[in-house]
Protein chains: 2
Amino acid sequence: MKNLKLILAYDGTAYHGFQRQANALTVQQVVEERLARIFGHKITLTGAARTDAGVHAYGQVVNFYTGGSIPVERIPAAAQGLLPRDIVVCSAEEVDADFHARYNAKSKIYQYKIYTGPIADPFLRNYAWHITRPLCVDTMDRVVSQVKGTHDFSAFRAAGSAPVNPVRTILDAACRNNGSMIEIMFWGTGFLYHMVRNLVGTLIDVGTGKITVDDFAAILAAKDRNAAGMTAPPQGLFLQRIFY
Amino acid sequence: MKNLKLILAYDGTAYHGFQRQANALTVQQVVEERLARIFGHKITLTGAARTDAGVHAYGQVVNFYTGGSIPVERIPAAAQGLLPRDIVVCSAEEVDADFHARYNAKSKIYQYKIYTGPIADPFLRNYAWHITRPLCVDTMDRVVSQVKGTHDFSAFRAAGSAPVNPVRTILDAACRNNGSMIEIMFWGTGFLYHMVRNLVGTLIDVGTGKITVDDFAAILAAKDRNAAGMTAPPQGLFLQRIFY
């Protein structure tokens, strides 16, 4: 048996997230079904990250076991012939038998995009959060710097989520203007469920002046989800890259 | 009665082109139906340009007559509340009673996008033609320059299209690299049906070296559609702007 690692890019618009669900179409289900046709046996993927409905990926990583003999370098092209065009296998390689896409991930980069043009852009409707209120990017960047390091992120975890250890380490974070787009980047060793989207929602409150930089620090310190802002919508979020 | 001019942007992916059809969903039908709800009476749009199924617009222009009293500056926001998110009313203004979006158009700019990355990008599947064969952009730009001026474009008109005067004037045209994207721009006083997509298809034959720059000149001069290349797929084409 070989253990194969694939990097996937997908437009999450049409899917109920990455992870297989009983009654909803997910990226995992589609990829497993199409790979099964290529390899001639049932495929069970291990995904590195769950992405929610509407969230996108440039660099999702999965692994699976196969006894199939298809040369690994041919997998991307073979998959492209079978997958819908909103899912792409970017690369495939054979890895050690004990490689596990989720457990071995050392860090991940997420990016969140905010479109600030005065009028909605029909081509960005599924790929950015459209905000027309003025946002102070410099202030937002100062706040984003505050989350670097190791913190208890309870204030930014999904309400009612499983009681896992809420301490996470953010290696780098930045917020910058790129034309009419604000791009917010988080590079961390791990993320709580909805953590990036909850951080972005609260960051917007700082950008509009609804709360101050000190307020943000107090929310983080208080570990109180109710004090933080809204959950930013999914379509602005991109899983960029996973490091091993 | 007032004559109103709107600028529309739309993602053409989900529509069978701009112009109303009996048995297929078009941009015109959707906009007319939604505007009818805003104005309280039937709306008949005059569109400046037909765009085909899958072709996009940043600057389609339409006009229509209404006795309605809604302030013109409120129309974009009112439309945004009713239109699907793949169609946007960018601006609205009252114009002279005899303004006609199609007959008064002096020139139009179209852009065609070709994605040249080695692997398909799921986010560009509906917004560019993906070509992985090497393309010489400098040679393509030299060819594009040849179409500037007034020519008989019979070689690049749709086969079997209505026998209109095939002479058109191209005011400017250019082909440039923008990262992994090749952007081809045509600014002309008018275009034959499928003319831009037929020009692009033949241009690709020059870019790959299948035909030479001189071959292209001969095809244009020969006015023979059968000598030209394929019709480029619709998803790379954008109606950028219309001048009056």
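What counts, and where the lines are drawn
- Residues numbered from 1 in each chain as written.
- Chains lettered and ligands numbered in written order.
- Predicted model: local features only at pLDDT ≥ 70, side-chain atom pairs only at ≥ 80, totals over all residues.
- Heavy atoms only, no water.
- UniProt positions renumbered as here; feature names shortened; annotations may be inferred.
- Helix = DSSP H or I, 4+ residues; strand = E, 2+ residues; numbered from the N terminus.
- Buried < 20%, exposed > 50% of the residue type's maximum accessible area, 1.4 Å probe, protein only.
- Contact = heavy atoms within 4.5 Å.
- Polar contact = N/O pair within 3.5 Å; in protein donor to acceptor, adjacent residues only side chain to side chain.
- Pairing = 2+ DSSP bridges.

Per an unreviewed UniProt entry, chain A goes by tRNA pseudouridine synthase A and derives from Lucifera butyrica. Comment text from UniProt for chain A, heading Sequence similarities (unreviewed entry), reads "Belongs to the tRNA pseudouridine synthase TruA family." The Catalytic activity (unreviewed entry) field of the UniProt record for chain A holds the comment "uridine(38/39/40) in tRNA = pseudouridine(38/39/40) in tRNA".

All names here are of chain B. Tracing the chain through its elements places Asn198 in helix H4 (residues 195-207). You can call Asn198 buried: its relative accessible area is 0%. Taking the C-alpha atoms as reference, Asn198 lies 19 Å from Asp138; in sequence the two are 60 residues apart. Every residue in contact with Asn198, bar those within four places of it in the chain, is listed here: Phe156, Arg157, Ala158, Arg225, Met230 and Thr231. Of note is the side chain of Asn198, whose polar atom sits 3.0 Å from the backbone oxygen of Phe156.

Residues and elements named next belong to chain A. Pairing between strand S3 (residues 56-66) and strand S10 (residues 237-243): 2 bridges, direction parallel. If you follow His56 over to S10, its bridge partner there is Phe238. Summarising the sheet, strand S5 (residues 107-115) and S10 pair through 6 bridges and their orientation is antiparallel. Across the sheet, Tyr112 pairs through a bridge with Leu237, a residue of S10.

Below, the discussion takes up the side chain of Ser107(B). All names here are of chain B. With respect to the secondary-structure elements, Ser107 resides in strand S5 (residues 107-115). Classification of Ser107 by relative accessible area gives buried; the value is 6%. Side chain to side chain, Ser107 and Trp187 meet in a polar contact 2.8 Å long. In this structure Ser107 touches Leu171, Trp187, Gly188, Thr189, Arg241, Ile242 and Phe243, once residues within four positions along its chain are discounted.

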